[in-house]
Amino acid sequence: MGNTIRNSEITEPKRFEGTKSTWDEIAESRPFQDLMATKKTFIVPAFIFFVVYYFALPVLVGYAPQFMSTKVIGNVNLAYLFALSQFFVAWLIAGLYVRAANNFDRLSQDILEKAENGKGGK
Amino acid sequence: MTISLEMFVLFIAITLGITYWASRRSAGAAAYFAASRQIKGWQNGIAVAGDYMSAASFLGIAGIIAFQGYDGFLYSVGWLVAYLTVLLVIAEPLRNAGKYTMADVLAYRLKPLPVRGMAALSTLTVSTFYMIAQMVGAGALVKLLLGGYVTFNQSVIGVGILMIVYVVFGGMLATTWVQIIKAILLMAGTILLSFLVMAHFHFSFSEFFGAVSQVTYHDATGASVVKDFLTPGLRYKPPYGPLDLISLGLALVFGTAGLPHILVRFYTVPDAKTARHSVVWAMVLIGSFYIMTTFLGFGAATIVGPDFIKAHGGNNMSAPLLAQALAGNVFFAFISAIAFATILAVVAGLTISATTSFSHDFWTNVIHSGKERNPGEEVLVARISAFVVGAVAIGIAIVLGPTANVAFLVGLAFAVAASANLPVIVLSIFWKRFNTAGAVTGLGIGLLASIGLILISPSIMGIDPPTVTGAARHLIQAKAIFPLENPGILSIPLGFIGAILGTLLSHEPSSQEKFNELLVRSNTGLGAEKATAQ
């Protein structure tokens, strides 16, 4: 047990601590507002798009099974192709998100550096 | 079947070796609960996939497709798409603001005692339901796969003891590596199986889908029928089928991001960026796997045939029987061992998330108001509770027995995660006005609504003919009051409404004071928990 304490004392690195006013200051700062706006511009439409695209599948398959059974390529029907497309659309959105998130990282890096150097969020 | 037995033993030996190695690196809470936050992005991605793809997906979905065709494939879609919620909304804020559990995020600006208490209750409920489903399935499956070498009870006890050993001695590090190995095995087995299915059809998709369009089998009345298995509606029939499908989709899309055993995985990586990359890795693996369920399920339907599967163990045996038909007993043994590994990796993940929540949220923070009385107590309590959780799961699985209908418990776990956990996590990160009363009512109503609706659903209520006996009978012999098997469509809105009403009807200015702190922390990673050196 004694070993355990020492271990956790040694290995626990120092982390940023702030008072309420520091956090408020960062939250209201321009760079943070920019970060949030940039995030929102990507995440909100992406989320809405994937929810609509995904739920179109059970809705169409459930309520228009005849139409979805239309054969497109040989025996493969619309229902299967639409289901299959979901995988690629999900991967595409994930890929686009990672690209957009590099931008988020850049914006938050500035905020982190300023805060950790003790200058607050300005 | 001695080859199966040998492969099982080999897998057990390797994982116990890993557990021994991990046990020497699990000193300290961050090491035990979060593998020192040093897991790499790709490793965690594979582990997430290993944690997530249960026997229900490997054997279950292959079986549903083999028997009900296209409708089974709809499950496959939902299980992947759900990860977009994890990626876009949950993973990074959670990693930035939390320490070991989802309650850490809630407790930032809300009153820790009630919030952690309720969150621990919800976590334990989700994990227990999910685990009982896995254990009952494991018992029946191991017995079937080892063909007479072991009984149901011995299988359950064996799986239970292994999962206790991994978690008690190896903590998160051992659990992670068991999940990684399992995921790699599962992918390898699935790729091989898909390849052999296509080889059977001379690598011609038109030949493959041609066979799928005319599957011959005998229906319940004994008449021979030919069906196009690509046609929707073989499982989800009107009037309620389509609605049930939408309800299931809601539970998956909102529930996956609230599953405690998935959420804890994001604490094992050094930072939010790595958490993000691990979700993408997981999505690549999970998506590829679920696309290949096309070959597993339709392959079993066309090459083995529903009649043969029904006569040789049923639904869950579709994938192993397909392996046997394509490449004989050694491949059957290999696929069986993968199924076994799959079960072990998932139950180990469930156990560690349950014990982390009990020890960190309930013991340390609720009972002892946030302070460890003795150094190392949190880890000790977790180890003890892993024993208890394991023993309880073994006990319940044995009492329920092999014929118990427990498939609905997985659906219930997702419903609780979607209706109780997700609304409060999302609202606490994004809604300034949100407060303790809202979190408690949200968690409570989400939990009660999911369980209540399941109790009056066709999973529990139904009138069986006298030929159905024992545990296979519906618990309540009456017509179901709620017509859907999946409660999500009603319970998720109820969870959100509970959380919102609870907030609006109470006044707690202190919850708004720390909103900015949580907002900055969760979005920038400022002050986030860092990896610890070993």
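Residues numbered from 1 in each chain as written. Chains lettered and ligands numbered in written order. Predicted model: local features only at pLDDT ≥ 70, side-chain atom pairs only at ≥ 80, totals over all residues.

1. Observations concerning the overall build of chain A
Then comes step 1: Tallying secondary structure elements over chain A gives five helices and two strands in all.
Then comes step 2: Order of helices (α) and strands (β) in chain A, N terminus to C terminus: α-α-α-α-β-β-α.
Then comes step 3: Taken over 122 residues, chain A has a buried fraction of 21%.
Then comes step 4: Sequence separation of at least 24 residues holds for 67% of the intrachain contacts in chain A that already meet a minimum separation of 6. (Helix = DSSP H or I, 4+ residues; strand = E, 2+ residues; numbered from the N terminus. Buried ≥ 20, exposed ≤ 12 C-beta atoms within 10 Å, placed from the backbone. Contact = placed C-beta atoms within 7 Å.)

2. Concerning the overall build of chain B
Then comes step 1: Each helix and strand in chain B was counted, giving 21 helices and two strands.
Then comes step 2: At 23 Å, chain B has a C-alpha radius of gyration in line with the 24 Å of a compact globule built from 534 residues.
Then comes step 3: For the C-alpha atoms alone, the extent of chain B along its principal axes is close to 70 × 50 × 45 Å.
Then comes step 4: A burial count over chain B gives 65% of its 534 residues as buried.
Then comes step 5: A fraction of 82% describes how many contacts in chain B between residues 6 or more apart in sequence connect residues 24 or more apart. (Rg over C-alpha atoms; globule rule 2.2 N^0.38 Å.)

3. With respect to unusual backbone geometry
Residues and elements named next belong to chain B.
Then comes step 1: The phi torsion at Ala35 lies on the positive side, around 50 degrees, for a residue other than glycine.
Then comes step 2: Among the structural elements, Ala35 can be located in the loop between α2 (29-34) and α3 (41-52).
Then comes step 3: Residue Ala35 is classed as buried on the basis of its 30 C-beta neighbours within 10 Å.
Then comes step 4: Within the chain, His202 stands out as a residue other than glycine whose phi angle is a positive 55 degrees.
Then comes step 5: Relative to the assigned elements, His202 resides in the loop between α9 (152-200) and α10 (205-212).
Then comes step 6: You can call His202 exposed: it has 8 C-beta atoms within 10 Å.

4. Some details on helix α5 (residues 78-116) of chain A
Then comes step 1: Between the first and last C-alpha of α5(A) there are 55 Å, a value that for 39 residues agrees with the 57 Å anticipated at 1.5 Å per step.
Then comes step 2: Listed as buried for α5(A) are A:Ala79, A:Tyr80, A:Ala83, A:Gln86, A:Ala90, A:Ile93, A:Ala94, A:Ala101, A:Phe104, A:Ser108, A:Ile111 and A:Ala115. (Expected span 1.5 Å × (residues − 1).)

5. Notes on the nonpolar core
Then comes step 1: Of all hydrophobic cores here, the largest spans 232 residues; its most connected members are B:Ile286 and B:Leu344.
Then comes step 2: The element contributing the most residues to this core is helix α15 (residues 318-367) of chain B, with 27 residues. (Core = buried A, V, L, I, M, F, W, Y, C linked by C-beta atoms within 7 Å.)

6. Some words on the pairing of strand β2 (residues 224-227) of chain B
Residues and elements named next belong to chain B.
Then comes step 1: Taken together, the four bridges between strand β1 (residues 215-218) and β2 define a ladder with antiparallel strand orientation. In the sheet register, Tyr217 faces β2, and the bridge partner there is Val225.
Then comes step 2: Hairpin connection, β1 to β2: the antiparallel pair is bridged by five residues, and Gly222 has positive phi, about 95 degrees. (Pairing = 2+ DSSP bridges.)

7. Here we look at the interface of chain B and chain A
Then comes step 1: Listed as interface residues are 51 residues of chain B and, on the opposing side, 57 residues of chain A.
Then comes step 2: Taken together, the elements giving at least two residues each to the side of chain B that touches chain A come down to α2, α5 (70-81), α6 (83-97), α10, α11 (241-255), α13 (272-304) and α21 (515-524) of chain B.
Then comes step 3: Its residues assigned to classes, the side of chain B that touches chain A comprises 30 nonpolar, 16 polar and five charged. (Nonpolar A, V, L, I, M, F, W, Y, C, P; charged D, E, K, R; others polar.)

8. Notes on the confidence of the model for chain A
Then comes step 1: Summing up the model confidence of chain A, the mean pLDDT is 84 and the portion of residues at 70 or higher is 84%.
Then comes step 2: Confidence drops under a pLDDT of 50 for residues 1-12 of chain A, and excluding neighbours within four residues, the segment shows 18 contacts in the predicted structure. (pLDDT = per-residue confidence, 0-100.)

9. Looking at the packing of helix α1 (residues 2-23) of chain B against α9(B)
Residue and element names in this part refer to chain B.
Then comes step 1: Here α1 crosses α9 at 105 degrees, and the two axes come no closer than 8 Å. In terms of orientation, α1 lies roughly perpendicular with respect to α9. For the pair α1 and α9, the contacting residues are Ile12, Ile14, Thr15, Ile18, Thr19, Ala22 and Ser23 in the first and Leu162, Val165, Tyr166, Phe169, Gly170, Gly171, Leu173, Ala174, Trp177, Val178 and Ile181 in the second.
Then comes step 2: A class-by-class count of the residues in the contact of α1 with α9 yields 13 nonpolar, five polar and no charged. (Axes fitted to C-alpha atoms, helices over the stretch in contact; angles between N-to-C directions. Parallel < 35°, antiparallel > 145°, perpendicular 65-115°, else oblique.)

10. Brief notes about the packing of α11(B) against helix α19 (residues 488-504) of chain B
Two quantities define a packed helix pair, namely the angle between the axes and the distance from one axis to the other.
Residues and elements named next belong to chain B.
Then comes step 1: Interaxial distance between α11 and α19 falls to 8 Å at its minimum, and their mutual angle equals 45 degrees. Put simply, α11 runs oblique to α19. Side by side, α11 and α19 meet where Leu243, Ile246, Ser247, Leu248, Leu250, Ala251 and Phe254 of the first sit next to Gly488, Ile489 and Ile492 of the second.
Then comes step 2: In terms of residue class, the contact of α11 with α19 is made up of eight nonpolar, two polar and no charged.

11. Notes on the environment of B:Glu508
Residues and elements named next belong to chain B.
Then comes step 1: Among the secondary structure elements, Glu508 is positioned in the loop between α19 and α20 (510-513).
Then comes step 2: Overall, the presence of 17 C-beta atoms within 10 Å leaves Glu508 in the partly exposed class.
Then comes step 3: Separated by 258 residues in the primary sequence, Glu508 and Leu250 place their C-alpha atoms 31 Å from one another.
Then comes step 4: Among all residues touching Glu508, those that are not within four sequence positions of it are Asn435, Thr436 and Ala437.

12. What to know about the confidence of the model for chain B
Predicted coordinates in areas of low pLDDT are best not read in detail.
Then comes step 1: Residues of chain B with pLDDT of at least 70 account for 99%, and the chain-wide mean is 89.
Then comes step 2: Scoring of the predicted complex yields 0.91 for pTM and 0.92 for ipTM.

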